[in-house]
Amino acid sequence: MKEIKFYNTLTNKVELFKPIKEGEVSMYVCGPTVYNDPHIGNMRPVVFFDTFRKYLEYIGYKVKYVSNITDVDDKIINKAIEENVPETTITDRYIGEYKKCLELLNVAPQYSNPRVTDYMDSIIKYINNLVNIGAAYVVDGDVFFDVAKDEKYGELSKIEIDNLKSGARVEENSKKKNSLDFALWKKTDKGIKWESPWGEGRPGWHTECCVMIDSIFKDIIDIHGGGMDLRFPHHENEIAQAEMTHHNHLANYWIHNAMMNIKGEKMSKSLGNVILAKDAIKDYGSDLVRLTLINAPYRSIINFSDKTLADNQSILQKLSSCYKQLNLFANLHGLFDKLPKHSIKIEPFLDALSNDINISNGVTEMLELIKNSNMLLRQKVENFSEIVENFSTLSDICHILGLSFRPTKISEQNISLYKDYLSAKDAKDYELSDRLRNKLIEINIL
RNA sequence: GCUUCCUUAGCCAAGUUGGUAAGGCAAUUGACUGCAACUCAAUGACCAGUGGUUCGAAUCCGCUAGGAAGCUCCA
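Residues numbered from 1 in each chain as written. Chains lettered and ligands numbered in written order. Predicted model: local features only at pLDDT ≥ 70, side-chain atom pairs only at ≥ 80, totals over all residues. Heavy atoms only, no water.

Enquirer: Can you lay out the overall build of chain A for me, pointing to particular residues and giving the numbers?
Expert: Along chain A, the regular secondary structure elements total 15 helices and 13 strands. Referenced to the eigenvectors of the C-alpha coordinate spread, the extents of chain A come out at roughly 90 × 50 × 40 Å. Out of the 446 residues in chain A, the part that is buried amounts to 52%. Accessible area for chain A stands at about 21,300 Å²; split by element, carbon and sulfur atoms hold 48% of it. Of the charged side chains in chain A, 56 are positive and 63 negative; the average position of the first set lies 4 Å away from that of the second. (Helix = DSSP H or I, 4+ residues; strand = E, 2+ residues; numbered from the N terminus. Buried < 20%, exposed > 50% of the residue type's maximum accessible area, 1.4 Å probe, protein only. Areas by Shrake-Rupley, 256 points an atom, 1.4 Å probe, with all protein chains shown as cover. Lys, Arg positive; Asp, Glu negative; His and termini not counted. Charge placed at Lys NZ, Arg CZ, Asp CG, Glu CD.)

Enquirer: Can you lay out the pairing of strand β10 (residues 251-257) for me, pointing to particular residues and giving the numbers?
Expert: Most of β10 is tucked away: six of the seven residues are buried. With six bridges connecting them, strand β9 (residues 221-227) and β10 associate as parallel partners. Its bridge partner lying in β10, Ile223 is registered against Tyr253. In terms of handedness, the path from β9 via helix α7 (residues 231-246) over to β10 forms a crossover that is right-handed. (Pairing = 2+ DSSP bridges. Right-handed = clockwise from strand over helix to strand, strands pointing away.)

Enquirer: Which residues make up the sheet that holds strand β3 (residues 24-29), and what are the values?
Expert: As summarised here, the arrangement of the four strands in space is β4-β3-β9-β10, forming an open sheet in which the pairing is parallel. Single-partner strands in this sheet number two, and they are β4 (62-67) and β10. Between one strand axis and the next, the sheet turns by 20° as a mean value, whatever way the strands run. (Axes fitted to C-alpha atoms, helices over the stretch in contact; angles between N-to-C directions.)

Enquirer: Could you give me a rundown of the sheet that holds strand β11 (residues 260-262), with the residues and numbers involved?
Expert: Pairing within the open sheet is mixed, and its three strands lie in the order β12-β11-β13. This sheet does not close on itself; its edge strands, each paired only once, are β12 (265-266) and β13 (302-304). The pairing of β11 with β12 spans two bridges and is antiparallel. Within β12, the position partnered with Ile262 by the bridge is Glu265.

Enquirer: Just give me the short version of empty space enclosed by the protein, but keep the residues and values in it.
Expert: Applying the stated rule across the entire model yields one cavity of 30 Å³ or more. Approximately 50 Å³ is the volume attributed to the largest cavity. Along its surface, the largest cavity is lined by Val29, Cys30, Gly31, Pro45, Val46, Tyr65, Ser67, Tyr98 and Gln110. Among the residues making up the lining of the largest cavity, the classes are represented as six nonpolar, three polar and no charged. (1 Å grid on protein atoms, 1.4 Å probe; cavity = no way out; pocket = protein on both sides within 12 Å on 5 of 7 lines; lining within 4 Å. Points joined across faces, edges and corners; volume = space filled by probe spheres on them. Nonpolar A, V, L, I, M, F, W, Y, C, P; charged D, E, K, R; others polar.)

Enquirer: Give me the lowdown on the pattern of salt bridges, citing residues and values where you can.
Expert: Applying the stated criterion across every chain yields a total of 20 salt bridges. Where Lys100 meets Glu97, a salt bridge forms, and the shortest distance between an N and an O atom there is 3.5 Å. With Lys100 and Glu97 both in helix α3 (residues 87-104) and three residues apart, the pair spans about one turn of that helix. (Salt bridge = Lys/Arg side-chain N within 4 Å of Asp/Glu carboxyl O.)

Enquirer: Please provide a residue-by-residue account of the layout of surface pockets, values included.
Expert: Over the atoms, a rolling probe the size of a water molecule traces out where space has been left empty. Roughly 450 Å³ of internal volume is contained in the second largest pocket. Mapped by element, the contributors of at least two residues to the lining of the second largest pocket are α10 (306-332), α12 (359-378) and α14 (412-426). The element that contributes the greatest number of residues to the lining of the second largest pocket is α14, accounting for five residues. Tallied by class, residues from the lining of the second largest pocket come to nine nonpolar, three polar and four charged.

Enquirer: Describe unusual backbone geometry, listing the residues and the values that go with them.
Expert: Going from Phe232 to Pro233, the amide bond is cis rather than trans, its omega being 5°. Within the secondary structure layout, Pro233 lies in helix α7. Notably, Lys218 is not glycine yet its phi reads approximately 70°, a positive angle. Using a relative accessible area of 66% as the deciding quantity, one classes Lys218 as exposed. The phi angle at His247 is positive, at roughly 55°, despite the residue not being glycine. The topology assignment puts His247 in the loop between α7 and β10.

Enquirer: Kindly report on the packing of aromatic side chains, identifying the contributing residues and their values.
Expert: Aromatic ring pairs are defined here through the distance separating the ring centres and the angle between the ring planes. On inspection of all chains with the given rule, the structure shows 15 aromatic pairs. Taken together, a centroid distance of 5.5 Å and an interplanar angle of 35° make the contact between Phe6 and Phe17 tilted. With Phe6 in strand β1 (residues 5-8) and Phe17 in the loop between β2 (13-16) and β3, this pair connects stretches of sequence that are eleven residues apart. Across the pair, Phe17 and Phe6 agree in class, each one buried. Both rings, one in Phe48 and one in Tyr298, keep their centres 4.6 Å apart while their planes meet at 20°; by these two values the pair is stacked. Taken as a pair, Phe48 in helix α1 (residues 40-58) and Tyr298 in the loop between α9 (286-294) and β13 lie far apart in primary sequence, 250 residues in all. Through a chain of ring-to-ring contacts, the aromatic side chains of Phe6, Phe17, Phe52, Tyr61 and Tyr253 assemble into a single cluster. Over the face of the ring belonging to Tyr35 we find Lys75, whose NZ or CZ atom lies 5.0 Å from the ring centre. Note that Lys177 overlies the ring of Tyr137, its terminal NZ or CZ placed 4.6 Å from the centroid. (Phe/Tyr/Trp six-rings, centres within 6.5 Å; stacked < 30°, edge-to-face > 60°. Lys NZ or Arg CZ within 6 Å of the ring centre and 35° of its normal.)

Enquirer: Let's hear about the pairing of strand β6 (residues 142-145): which residues, and what values?
Expert: Residues Asp142 and Phe144 line one face of β6 and the alternating positions Val143 and Phe145 line the opposite face, and both faces are buried. For strand β5 (residues 136-139) and β6, the ladder comprises four bridges, and the chain directions are antiparallel. Bridging from a neighbouring strand, Val138 pairs with Val143 of β6. As consecutive antiparallel partners, β5 and β6 are separated by two residues, and within that stretch Asp140 has a phi angle of approximately 55°, a positive value.

Enquirer: Please provide a residue-by-residue account of the packing of α12 against helix α13 (residues 384-401), values included.
Expert: For the pair α12 and α13, interaxial distance at closest approach is 10 Å and the crossing angle is 155°. In terms of orientation, α12 and α13 fall into the roughly antiparallel class. Note on packing geometry: the crossing formed by α12 with α13 is left-handed. Taking contact as the criterion, the partners of Ile359, Val363, Met366, Leu369, Ile370, Asn372, Ser373, Leu376 and Leu377 in α12 are, on α13, Glu386, Ile387, Asn390, Thr393, Leu394, Ile397 and Leu401. Taken together, the residues of the contact of α12 with α13 sort by class into eleven nonpolar, four polar and one charged. (Parallel < 35°, antiparallel > 145°, perpendicular 65-115°, else oblique. Left-handed = near helix turned anticlockwise from the far one by under 90°. Contact = heavy atoms within 4.5 Å.)

The structure is reproduced here in structure tokens:
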């Protein structure tokens, strides 16, 4: 198996990846809170981790990938009240929107997409255990995690508890023993609620991931991913709960992707520059959106600007034009069904990704392959085996990157159309050849 | 205030464990071409500044200047 390494936020170091079980990867990525349409930033972790997963599978790992859906939350409850409908109306609607985006962006279905509402019993049990072992305390129907009980608290985010008190936005909550303590269960009198040993209420946000990981994976997992903004407090709090419950880190490797800016500014409602994923896909197309989101170091901020889009569009244009020619070549020469699998030519691409999931460098390798293909296609003496190998390799790369290019069988009829075009051109009948050329462009063969 | 990080050609931007700088856009020139489109080739960097460690540093350490992100709504 190929050696891969990537940055572990838990240790702040690039580390060699060693899975718990040889040849298998267990991976959990925090999913959306379904209270409105996903925006373009929500899609970054989705496509990034999907690309990573496809890469892992390509090099031979069996990947068990779980991504949750948070369908219990104040924002959902408020929206339900606002629209005067049950919470499920809101969550069903936005889960639908979310899944639509994933499909459009060519994201492979995951092993499981657990919802909080399906795990309520387990969540209550989990919290109850924390109370019983003294890691959490009950105050008037609320349950809080007692951060003071976890000596390692701050390990992931490198936050020193003492430093957090000055300067940071620390909410006042007189019920808490310590301002860092976080709610595991909230007493509530409005919106959806569940019965619990502490009265009616709903769970806090941080417990669900711990419970889902326990339920689905049964043990510590390899990789836990999500956006950088989740590092603190969400993931820190997940670790704290796992430390108290199982005396482990919940995951051996923590991967966090950086955020996105819109034209150099942070995306926010108050700036009015939020771009919805579905709008971006409609305006720019799935391939361009996906490529723009992954063609950058995942730990750097992406500036979603006209310039960035144009740069990626130009890459896509090169890819498209070359890919069509390769596809045509393979069809013309009856090589379509004889494409080699896992050609060695993909190695530079795989090497780029094995080094801290550097998709940008992978794209550079793809461009090298395109350049080489263009050169081969132009040569008078056709090098069949190498061209077909390039075609196959480029197809594999597109698959890993999640771009929509794939080998397409061209009908006999269209092949003869192409041959007619060539003969018309040879005969210098440019009127006919131009007409045929336009037709071939129209049906996406040229 | 605390934590983490960044500063590479006009622009975007890559640079694992230190050995004399990927790629893309734009620009200029050339090749190919019935016309287009596409494509190929050639042409650019004293790596923010400044000290130090080293045979040798964009890459390690210090300082200066500028910038970013996070610090319980947020992917």
